[in-house]
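Chain residues, written in single-letter form:
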Amino acid sequence: MTIQTYALIDNLPPPVTSGSGIQSFTDAMTGEVWIAKNGVYGGAWRKARDVVHFHTYRAAAYNLPTASAVIVFDTPWHDTWGFSAGSNYQFTAWIPGFYRVFSYLEVSVAAAGTYIQMNLMQNNATNWSSDNYFTSRASGGLCARTQALMYLSIGDLVNLHAYQPQGYPCIVSGSPPPCHLEVSYLGTG
Amino acid sequence: MTIQAYTGAELNILPPPVTTGGIQSFLDLYRELWIAKPGVNGGNWRKARDVLHASVYRNAALVAPTANSVFPADTVIRDPYGIWVGSPTYAFVLPVAGSVSGAVYPASWWRFAFHWVLQSATSPNYVGCQIFQNGSGVTQDNMIMNQTSAGNCSARTQYMGLGSANDTFQAYYSSSVASLNVYTGPSINTFSCAFMGLFFG
């Protein structure tokens with residue numbers, strides 16, 4: 001009699017070795033969503049919930065717009081998969097699902113009585129959050145933050161729109177610099 | 001002929017429960033990170049993303065400092081694997097090598113959040129809060145109190161970034177006005193951490 005041995009169940013597709021862009025696969029047995037990309041970890045599949053996290057910040061001198069406009073981040077941080085897109089380094093969703101999104105801005109004010117308005121947006125068109133922070137101080141930092149649980153489809157963009165009436169400069173010192181946008185994939189929804 | 005029944009043991013690829021040592025980890029072939037610790041859940045393996053969460057708060061009376069200082073949380077809400085280190089460090093210490101360090105998985109995504117409230121008896125005032133990783137600030141935030149009468153002033157900050165084994169994460173706080181009390185209690189101030197996933201860097 002022979003003793004039968006079992007190979008571990010591995011129903012993932014082979015590593016991705018051609019093409020561009022991020023590909024996804026849903027494991028029918030567990031429902032887990034995996035992603036792979038040619039040239040990233042040899043094209044091997046990784047769990048989306050492990051690796052779909054994104055953090056981009058502003059490192060170069062930058063004044064906030066005085067009317068609502070997209071905020072131009074300039075440095076994606078540990079963006080192994082290339083989730084950042086376009087000149088604004090916004091986030092691109094390669095898989096559909098729920099995402100937790102947060103953003104923070106801070107400027108140095110030079111006069112009392114001003115504010116920051118900020119909105120998280122989908123495809124530069126749909127608001128998912130709206131926050132406004134005011135200061136009565138004539139100096140120092142004015143901090144603002146906003147967050148949302150967003151449901152995104154493939155190809156959707158996430159970015160921050162904001163303004164500050166006087167167009168004061170963002171704080172860009174620090175490691176990492178404080179003004180940033182972060183996105184985490186939570187699940188399929 | 002008998003029909004063989006399967007118990008599921010054939011698919012159990014985890015090591016046996018641990019009975020000695022500290023937090024231990026195991027990366028299965030499906031790239032799920034599991035952890036185990038003697039005395040926690042019977043030493044059985046649990047998915048890191050399920051159990052590596054912890055939250056603490058300050059319960060005892062506390063006066064806010066004017067200099068940026070470590071927030072001395074003194075009470076654990078939930079910390080099943082003991083990653084919170086209290087006095088005098090007051091830090092979350094990421095699980096030891098083998099769980100989120102090493103050649104295969106040198107770092108992981110973590111999320112930290114800190115929120116506290118000052119009982120402000122004077123105005124104007126502002127309060128600061130930060131999260132530090134290994135002694136350096138990785139976030140900053142403050143809240144300004146504009147009202148002219150007494151009230152509370154709250155501040156919060158959060159961080160979603162990479163951490164490696166033995167990294168320390170601390171909450172820092174300050175008030176621009178001296179000798180004011182912190183609003184203490186579990187629903188008023190919290191410092192929390194959550195494992196978000198492997199970076200596979």
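Residues numbered from 1 in each chain as written. Chains lettered and ligands numbered in written order. Predicted model: local features only at pLDDT ≥ 70, side-chain atom pairs only at ≥ 80, totals over all residues.

(A) Molecular detail of the overall build of chain B. A count of helices and strands for chain B gives one helix and 16 strands. Looking at the 201 residues of chain B, the share that counts as buried comes to 40%. If you take every contact in chain B between residues at least 6 apart in sequence, the share linking residues at least 24 apart comes to 66%. (Helix = DSSP H or I, 4+ residues; strand = E, 2+ residues; numbered from the N terminus. Buried ≥ 20, exposed ≤ 12 C-beta atoms within 10 Å, placed from the backbone. Contact = placed C-beta atoms within 7 Å.)

(B) Highlighting the overall build of chain A. Counting its regular elements, chain A contains one helix and 15 strands. In terms of overall dimensions, chain A is more spread out than a globule: its C-alpha atoms have a radius of gyration of 20 Å, far above the 16 Å expected for 189 residues. The C-alpha extent of chain A, read off along each of the three principal axes, is 85 × 30 × 30 Å. In chain A, buried positions account for 37% of the 189 residues. Of all intrachain contacts in chain A linking residues separated by at least 6 positions in sequence, the fraction that spans at least 24 positions is 65%. (Rg over C-alpha atoms; globule rule 2.2 N^0.38 Å.)

(C) The arrangement of the sheet that holds strand S1 (residues 24–27) of chain B in detail. Taken together, three strands build an open sheet; the order of strands is S1-S2-S3 (chain B) and the sheet is antiparallel. Looking at strand neighbours, the two that pair on one side only are S1 and strand S3 (46–47) of chain B, the edges of this open sheet. (Pairing = 2+ DSSP bridges.)

(D) Representation of the sheet that holds strand S4 (residues 53–57) of chain A in the model. Residues and elements named next belong to chain A. If you walk across this open sheet you meet the five strands as S6-S4-S15-S9-S13, and the pairing is antiparallel. Looking at which strands have only one partner, the edges of the open sheet turn out to be strand S6 (75–76) and strand S13 (141–152). Pairing of strand S9 (residues 97–108) with strand S15 (residues 180–187) involves seven bridges; the strand directions are antiparallel. Among the inter-strand pairings, Tyr-104 is bridged to a residue of S15, identified as His-180.

(E) Inspection of the nonpolar core at higher detail. Counting 52 residues, the largest nonpolar core has B:Phe71, B:Phe92, B:Phe114, B:Trp116, B:Cys129 and B:Ala171 as its most contacted members. Top element by residues in this core is strand S9 (residues 108–120) of chain B. It accounts for seven residues. A:Trp34, A:Val52, A:Met118 and A:Leu120 belong to the second-largest nonpolar core, a separate cluster that totals 46 residues. (Core = buried A, V, L, I, M, F, W, Y, C linked by C-beta atoms within 7 Å.)

(F) Quick look at the interface of chain A and chain B. Counting from both sides, the interface comprises 27 residues of chain A and, opposite them, 25 residues of chain B. Counting residues per element, the ones that place at least two in the side of chain A that touches chain B are strand S3 (46–47), helix H1 (48–51), S4, strand S12 (131–135), S13 and S15 of chain A. Looking at the side of chain A that touches chain B residue by residue, the classes come out as nine nonpolar, ten polar and eight charged. (Nonpolar A, V, L, I, M, F, W, Y, C, P; charged D, E, K, R; others polar.)

(G) The domain arrangement of chain A, seen in detail. All names here are of chain A. The domains assigned to chain A are domain 1 (1–48) and domain 2 (52–187). Tallying the contact residues gives seven residues for domain 1 and six residues for domain 2. Those elements that place two or more of their residues in the side of domain 1 that touches domain 2 are strand S1 (22–26) and strand S2 (33–37). Top element by residues in the side of domain 1 that touches domain 2 is S2. It accounts for three residues. Classifying every residue of the side of domain 1 that touches domain 2 gives five nonpolar, one polar and one charged. (Domains from an automatic or database assignment.)

(H) Local environment of the pairing of strand S10 (residues 125–133) of chain B. All names here are of chain B. Judged by how many residues are buried, S10 sits mostly within the fold: eight of nine residues are covered. One ladder, built from five bridges, connects S10 with strand S12 (residues 141–145); its direction is antiparallel. Its bridge partner lying in S12, Tyr-126 is registered against Ile-144. Pairing of S10 with strand S14 (residues 168–175), which is carried by seven bridges, proceeds in the antiparallel orientation. Residue Phe-132 lies in a different strand from S14, and its bridge partner there is Gln-170.

(I) How the structure looks around unusual backbone geometry. In this structure, the amide linkage connecting A:Ser175 to the following residue, A:Pro176, adopts the cis form with an omega of 0°. Tracing the backbone through its elements, the reader meets A:Pro176 in the loop between strand S14 (157–163) and S15. Here B:Ser87 and B:Pro88 are connected by a cis peptide whose omega angle stands at 0°. In this fold, B:Pro88 is placed in the loop between strand S7 (84–85) and strand S8 (91–93). At A:His78, a residue that is not glycine, the phi angle is positive and equals roughly 55°. By the secondary structure assignment, A:His78 is in the loop between S6 and strand S7 (84–85). Located in the positive-phi region is B:Ser179, a residue other than glycine, with phi close to 70°. Take B:Ser179: it is sitting in the loop between S14 and strand S15 (181–182).

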